[in-house]
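# Coordinate inspection notes
Residues per chain are reported as follows:
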Amino acid sequence: MGNRLKNDVSTSSPQHINMLQKITSSDVPSKHLLHSYKRSFNGFAAMLTEEEVKKMAGLEGVVSVFPNRKNKLHTTKSWDFMGFSRQVNRSKTEGDLIVGVLDSGIWPESESFSDRGLGPPPSKWTGTCQSSSNFTCNNKVIGAKYYRKIGKFGPRDLQSPRDSDGHGSHTTSTVAGDEVSMANLYSLAQGTARGGVPSARVAVYKVCWSDGCHDADILAAFDDAIADGVDIISVSLGSFFHRRYFRDPIAIGAFHAMRKGILTSTSAGNEGPGLASITNYSPWSLSVAASTIDRKFFTKVLLGSGKTYEGISINTFDLKSEYPIIYGANAPNVSAGYNGSISRYCFPGTLDSNLVKGKIVFCDTLQKTGPFFAGAVGALMQDDGPKDAAKSFPIPSSYLDPEAGKEIYSYMNTTSNPTATIFKSYEGPDKLAPYVASFSSRGPNLATLDILKPDLAAPGVHILATWSLVNPVSEVQGDDRFVPYNILSGTSMACPHVSAIAAYIKSFHPTWSPAAIKSALMTTARPMSADINPEAEFAYGAGHIDPIQSLNPGLLYDADETDYVDFLCGQNYTTKTLQLVTGDSSSCSGLKNGTAAWDLNYPSFALSTSSEAFNRTFTRIVTNVGSPTSTYTSVVKAPTGIKVTVIPSVLTFSSARQKLPFSITVEGKLNSFMLSASVTWTDGVHQVRSPIVAFLVA
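The paragraphs below set out a description of the structure included in this document. (Residues numbered from 1 in each chain as written. Predicted model: local features only at pLDDT ≥ 70, side-chain atom pairs only at ≥ 80, totals over all residues. Heavy atoms only, no water.)

## Looking at the pattern of salt bridges
For the coordinates displayed, the defined rule picks out 20 salt bridges. Between Glu561 and Arg259 there is a salt bridge, and its shortest N-O distance comes to 2.7 Å. Separated by 302 residues along the polypeptide, Glu561 in helix H15 (residues 561-570) and Arg259 in helix H6 (residues 249-259) bring together distant segments of the chain. (Salt bridge = Lys/Arg side-chain N within 4 Å of Asp/Glu carboxyl O. Helix = DSSP H or I, 4+ residues; strand = E, 2+ residues; numbered from the N terminus.)

Structural data, given as structure tokens:
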């Protein structure tokens, strides 16, 4: 997926048809062409056989060929929890900012997307609105398009930018939703719902449908968003697996966005807590982990014996009376071939409806739909899985720990007619917050081990935001609760928090590059604790986002396209590939044959080693954006086993925007999988902190 050829505005399609002519036997090669990307970069999507794919990959001018795979969506109080109140200082230009959101669409009638007080769209906006009889834009939602290159729609898909899922409305309102008082989910999480930049405009690019989010659609949306004039791109979706940078549509799109001065913020993924589970990790984009806020939802269970237990869920129901309780193992769907060893888990189809109908079913794992489809009135579930993020269920439910489960099981076995009831959830504090949620994908970054990912963490647990009125609360068909606001958890919820603060920074510093904004966010992040998250920086990166401090970072680790090209040369990309991507004379030959990953001017430091002993020197350049005349001193924090030397240890600036270099040598011996340290540059006002990680690889 290369850069659009210079002076080539409208010839991409003929060029693409000509390429198809060379590798297909068809008399009409254009019938294979699904879409030409020609607004911001050069490429196309086509229907090809395996043999034709091989031929295409061998053609002159082809960077990469990859299948149109599906990607997945990564699914109020959070802003106040971060210290970002409604009264924060706002730039007069916030209303000129445009945030592009690639997601499942938008519910435009939501009060969060009201355009009250907003004038016409900024003059830089060149995008469009695919309006129809049931969808219109306004001065808040200034653009909306949908993409479906395969042409087939599911029964629940709406063929417009309208959101039939809810995910896109949720993320978009988190970025830039207007203030809405008394927002709640059946009185839970009640308060003022608002986005981080409520005066900003949004452009919606619907790429996700009931069957996922396809590569071809994601690329088409990036192509349009870059050309339309957006300032920030927010992408709360990702791949099912790891990919090289130029085989990943999000990395490709983000690269071309970066070249135009647009920062792309992405979600880390929801495959944690296993290591190396992160799938959005390009160094030119932001990768955001999900952290908790000081709010949890608890659901009490009362047994007929009078004993009470407390689990977690987001339960808007109240049974009000007691019902018989039955163990899933005692209600197998024998006619379908299941026995108690399977039905104990309550998977869909494994329970006998005649036995569980009208009862509360007790299950030995977390199960969202099985009891509901079997006709149960409620569900109690127990296992040793994480209890840091509550979910919604289509029937009254509570998710309990094994100790409570053991006692409930004992009660059922020793009582002739066991009964129970499940109460509506209540809100309580999470005193350990913030910490990274168990589901949040972890590093290291398998594409480039020496680039630390994720970059930072932001609120992504129990977030109340706008919802689609055609998808139930639990997202299970048959649930009859349809609401304007819903509570979700996921790195999808964390990403738009960072997208919003990136836009907030840009409103004050419109000339800052994507890398500069990223640096400001990372170096001002609050340190987090490895006591709660043993994966340390592989869980939270530089730490927890601090919106207020990020506006005035003091120093920046800046980088531009040239730096990333040098980085790619160091990653063994060839000159030919680079020139096809960039559309210019970028080269990997000469005196500087690429930059080692650890020398990219990144705001963090990662050192992978195959031996216990390690020694590496990193080079960096910082730009002064604080006081014109200032002196910064380096402060190192390092545990036993790692030595960090900074040269020079003092940086003295004499003017604004002055750049000064320094080096850091990290040496020591690993007595465990990883060691964490940090270096902070301080002038007494600013604390410019960067994490340092050394870790073993096989």
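## Observations concerning helix H11 (residues 491-508)
Over its 18 residues, H11 runs 26 Å from end to end, which matches the ideal 26 Å to within 8%, given 1.5 Å per residue. Burial within H11 is extensive, with 17 of its 18 residues counted as buried. (Expected span 1.5 Å × (residues − 1). Buried < 20%, exposed > 50% of the residue type's maximum accessible area, 1.4 Å probe, protein only.)

## Examining empty space enclosed by the protein
If a probe as big as a water molecule is rolled over the atoms, it shows which places are left empty. If you add up the space inside the second largest cavity, you get close to 40 Å³. Along its surface, the second largest cavity is lined by Pro283, Ala515, Lys518, Ser519, Tyr557, Ala559, Tyr564, Asn601, Tyr602 and Pro603. Among the elements that take part in the lining of the second largest cavity, helix H12 (residues 514-523) stands out by supplying three residues, more than any other. Looking at the lining of the second largest cavity, its residues break down into seven nonpolar, two polar and one charged. (1 Å grid on protein atoms, 1.4 Å probe; cavity = no way out; pocket = protein on both sides within 12 Å on 5 of 7 lines; lining within 4 Å. Points joined across faces, edges and corners; volume = space filled by probe spheres on them. Nonpolar A, V, L, I, M, F, W, Y, C, P; charged D, E, K, R; others polar.)

## Comments concerning the nonpolar core
By size, the foremost hydrophobic cluster in this structure holds 56 residues, and its most contacted members are Leu102, Tyr205, Val230, Ile233, Trp284 and Leu568. If one sorts the elements of this core by residue count, helix H5 (residues 215-228) sits on top with eight residues. Residue contacts for Trp284: discarding those within four places in its chain leaves Tyr245, Phe246, Ala251, Ala254, Phe255, Met258, Leu263, Lys518, Tyr564, Phe567 and Leu568. Of all hydrophobic cores here, the second largest spans 45 residues; its members include Phe84, Ala500, Ala516 and Leu551. (Core = buried A, V, L, I, M, F, W, Y, C linked by side-chain atoms within 4.5 Å. Contact = heavy atoms within 4.5 Å.)

## Regarding the sheet that holds strand S33 (residues 659-669)
Overall, antiparallel pairing links the four strands, which are arranged S27-S29-S33-S31 in an open sheet. Of all the strands in the sheet, the pair left with one neighbour each is strand S27 (555-556) and strand S31 (642-647). Strand direction decides the pairing type here: S27 and strand S29 (residues 613-624), joined by two bridges, are antiparallel. Of the residues in S29, the one forming a bridge with Leu556 is Thr623. (Pairing = 2+ DSSP bridges.)

## A short note on the packing of aromatic side chains
Tallied over the full model, the rule gives 25 aromatic pairs. With 6.0 Å between their ring centres and 80 degrees between their planes, Trp284 and Tyr564 make a pair best called edge-to-face. Taken together, the residues Trp284 in the loop between strand S14 (263-267) and strand S15 (286-291) and Tyr564 in helix H15 connect sequence positions 280 residues apart. Taken together, a centroid distance of 5.8 Å and an interplanar angle of 50 degrees make the contact between Tyr327 and Phe362 tilted. Note that Tyr327 is positioned in strand S18 (residues 323-327) and Phe362 in strand S19 (residues 360-363), a separation of 35 residues in sequence. Residue classification places Phe362 among the buried residues on the basis of a relative accessible area of 1%. Taken together, the ring pairs connect Tyr245, Phe246, Phe255, Tyr281, Trp284, Tyr564, Phe567 and Tyr573 into an aromatic cluster. Cation over ring: Lys387 sits above Tyr399, and NZ or CZ is 4.1 Å from the ring centre. (Phe/Tyr/Trp six-rings, centres within 6.5 Å; stacked < 30°, edge-to-face > 60°. Lys NZ or Arg CZ within 6 Å of the ring centre and 35° of its normal.)

## Considerations on the side chain of Ser690
Along the polypeptide, Ser690 turns up in strand S35 (residues 687-696). Among the polar contacts made by the side chain of Ser690, one reaches the main-chain carbonyl oxygen of Pro603 at a distance of 2.7 Å. If we skip the residues at most four places from it in the chain, Ser690 touches Thr523, Tyr557, Pro603, Ser604, Phe605, Ala677, Ser678 and Val679. (Polar contact = N/O pair within 3.5 Å; in protein donor to acceptor, adjacent residues only side chain to side chain.)

## Some points on a nonpolar patch on the surface
A cluster of nonpolar side chains, namely Tyr338, Ile342 and Phe347, defines an oily patch on the protein surface of about 240 Å² accessible area. Considering the arrangement of structural elements, one finds Ile342 in helix H7 (residues 340-343). (Patch = residues over 30% accessible without salt bridge, like charges linked within 9 Å, V, L, I, M, F, W, Y side chains within 5 Å. Areas by Shrake-Rupley, 256 points an atom, 1.4 Å probe, with all protein chains shown as cover.)

## What to know about the state of the cysteines
A covalent bond bridging the sulfur atoms of two cysteines is what the word disulfide describes. Per the stated rule, a full pass over the model turns up four disulfides. Sulfur-sulfur distance for the disulfide between Cys129 and Cys137 comes to 2.0 Å. Given an S-S torsion of about 90 degrees, the disulfide between Cys129 and Cys137 has right-handed geometry. A relative accessible area of 25% means that Cys129 is categorised as partly exposed. Disulfide pairing is shown between Cys346 and Cys363; the S-S distance is 2.1 Å. On the sign convention where negative is left-handed, the bridge of Cys346 and Cys363, at about -95 degrees about the S-S bond, is left-handed. Here the residue Cys346 occupies a position in the loop between H7 and helix H8 (353-356), and Cys363 occupies one in strand S19, the gap between them amounting to 17 residues. In this structure, Cys346 and Cys363 share a single accessibility class: buried. Not part of a disulfide, Cys495 finds its nearest cysteine sulfur in Cys208, a span of 12 Å. (Disulfide = S-S within 2.5 Å.)

Keep in mind these values describe shape, not function.
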